[in-house]
Amino acid sequence: MLVLAILLPPLGALICAVIITIQLALMALRPLLACQAAHSASGARAPAGHWFSVHVATHAEPPGLVIATLRALLAQDWPPEGFEIIVMDNNTADPALWKPVERFCMAHPDRIRFLHRMQVSGAKAGALNIALDHVDPRTTHVVTVDADYVVARDFLRRAAAALHRTGADYVQFPQSYSGATIAAPGVDAELEEYFRTNAAKADDAEAVLLTGTLCVISRAALAAAGGWSGATTTEDAELGVRLCNGGFSGRFINQVVGKGLLPLSLHDLERQRYRWCSGNAQTLIRHARLIFTGAGSLTLARRLVILSQLTAWFNLALAPFTLLCMWLLTGRGHTFAATLAGFAILLSLCDIVLRVLTRGWRDGLPARIVLHALACRTALAPQSAKATVDALIGSRLTFIVTDKTGDKLRASRDLHHCQLVLFVAATLLLAVSAPASPVILAALAALMLPWPAALLTGRSLRAYRESVMPAMRETPA
């Protein structure tokens, strides 16, 4: 289709026009949701008593990191007889990684159950389903905590209070990162933007999608929805769609109850964003009939907020970029189709700028942090664009575990190859395309931005890595 569009500019113009229309619709969706008053909570429906089964899924994690997470869970200000902890380690072949965790768990036989399985399919979803098979019969709610998250002492107490207050079937707390506000505040602000906008607006419709960690789900609702699914690489968001379609209510609780680790390099952050973006696109395709046609039980308000959450990291600039490059190289850079492609690229950049600046203005963030957050989102744009296309064309995607050791870092990763290639290509195209329309020139200039943005973001993450690595290497006894 793309090759044909390159050969036939009118077809390429049509593709660019469709992309522009979709981008404008998604941009218009956010203010539309802000104006809605879809909240329909009918009071507390959850029972006063809660019995929690806390699930920690691990795969080749640093043992000290997991043990620190388990220590925080053991120290909960919640009756010990009112919760259990299940550690489900899947497909970790190296005993040096999972044996220390097993020994720690065996020292607390009445509090923690340790499971180690090989040949587990479905990645994290498969591991969580195995944990579900081992829950205590008294369990009323299942809690998921990532292996690197150290939760606050009152986490379970706050979860119970939120369930009782809202009457929700599941609640989602925001992700937060230890030491990020000091060492990498811009990256932290960029990641927080999703919760401050998409999740907060979805809360009004009681249709918040899960984000993997610090989520508390009614066991009955989880069973009715069919458990976890490994059909997409974002099993959390996919389950959230099924819960919403099943008539269950989900609320966002804007309280920091635990902190994990940021990705330790821009390369790792890109891999994480690729999984989030492509997995949510997979989920959107998988449930397209529910979301776009209303084939299920979802109301229009719920469908809109689900669409907003699933497309939070979409980037549709890859096809216009490819078309524009080829048209410029073949001497067709002065056509209306090329101008449309340039406009589509600029619109993608405008979406990034508007999202970050609007959030920064609303929350009163310092200009320096807003600038760094904007650089982070811009640096990640190429991976988001690739992830969007890969998911839409049905490429095979695999679950990627974020490295939390720093052992896989290489000096070459600091070169940010993808952004550098984009910078060089845009520079060369600027040289060969003059004279061209202002829109095309502006689009090429915009394509040069991810590389300096990557340099700035990479520097922030290096500072973060240097601040957290000493503590990470201290393995708890």
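Relevant structure appears above.
In this text, all values refer to a predicted model and were calculated from it rather than measured experimentally.

A. Expanded view of the sheet that holds strand β1 (residues 52–58). The seven strands lie next to each other as β3-β2-β1-β4-β7-β6-β8, forming an open sheet whose pairing is mixed. Whereas interior strands pair on both sides, the edge strands pair on one side only; in this sheet they are β3 (112–117) and β8 (250–252). Neighbour-to-neighbour, the strand axes of this sheet turn through a mean angle of 20°, independent of strand direction. Where strand β6 (residues 170–172) lies against β8, three bridges are found, and the strand directions are parallel. Its bridge partner being in β8, Val-171 is matched across the sheet by Arg-251.

B. Structural view of the nonpolar core. If you look at the biggest cluster of nonpolar residues, it comprises 117 residues, and the most contacted ones within it are Phe-52, Leu-70 and Phe-155. Discounting residues that sit within four places of it in the chain, Phe-52 has contacts with Trp-78, Gly-82, Phe-83, Glu-84, His-141, Val-143, Leu-156, Ala-159, Ala-160, Leu-163 and Val-216. Counting residues in each nonpolar core, the second largest holds 35 residues, with Cys-325, Ala-341, Leu-429 and Ala-446 among its members.

C. Local environment of helix α10 (residues 235–245). Burial runs high along α10: 10 of the 11 residues are buried. Among all positions of α10, only Glu-235, Asp-236, Ala-237, Glu-238, Leu-239, Gly-240, Val-241, Arg-242, Leu-243 and Cys-244 are buried. Against the buried residues of α10 lie α5 (123–132), β6, β7 (215–218), α9 (219–225), α11 (266–286) and α13 (300–310). In the stretch just after α10, Gly-247 is the one whose phi turns positive, near 90°.

D. Region of interest: the packing of helix α8 (residues 185–204) against helix α15 (residues 336–363). Running from amino to carboxyl end, α8 crosses α15 at an angle of 75°, the nearest separation of the two axes being 10 Å. As the angle between them shows, α8 and α15 are arranged roughly perpendicular. Between α8, through Ala-189, Glu-192, Glu-193, Arg-196, Thr-197 and Asn-198, and α15, the contact on the second element is made entirely by Arg-355, Arg-359, Arg-362 and Asp-363. Tallied by class, the residues present in the contact of α8 with α15 amount to one nonpolar, two polar and seven charged.

E. Fine view of the pattern of salt bridges. With the rule as written, the count across this model stands at 19 salt bridges. The partner of Glu-84 in a salt bridge is Arg-113, with the nearest N and O atoms 3.7 Å apart. With a gap of 29 residues between them, Glu-84 in strand β2 (residues 83–90) and Arg-113 in strand β3 connect regions that are remote in the sequence. Accessibility expressed as a relative area gives 8% for Glu-84, which makes it buried. With a shortest N-O distance of 3.0 Å, Asp-136 and Arg-138 are connected by a salt bridge. Several salt bridges converge on common partners, so that one network encompasses Glu-190, Glu-193, Arg-273, Arg-355 and Arg-377.

Definitions and limits used
Residues numbered from 1 in each chain as written. Predicted model: local features only at pLDDT ≥ 70, side-chain atom pairs only at ≥ 80, totals over all residues. Heavy atoms only, no water. Pairing = 2+ DSSP bridges. Helix = DSSP H or I, 4+ residues; strand = E, 2+ residues; numbered from the N terminus. Axes fitted to C-alpha atoms, helices over the stretch in contact; angles between N-to-C directions. Core = buried A, V, L, I, M, F, W, Y, C linked by side-chain atoms within 4.5 Å. Buried < 20%, exposed > 50% of the residue type's maximum accessible area, 1.4 Å probe, protein only. Contact = heavy atoms within 4.5 Å. Parallel < 35°, antiparallel > 145°, perpendicular 65-115°, else oblique. Nonpolar A, V, L, I, M, F, W, Y, C, P; charged D, E, K, R; others polar. Salt bridge = Lys/Arg side-chain N within 4 Å of Asp/Glu carboxyl O.

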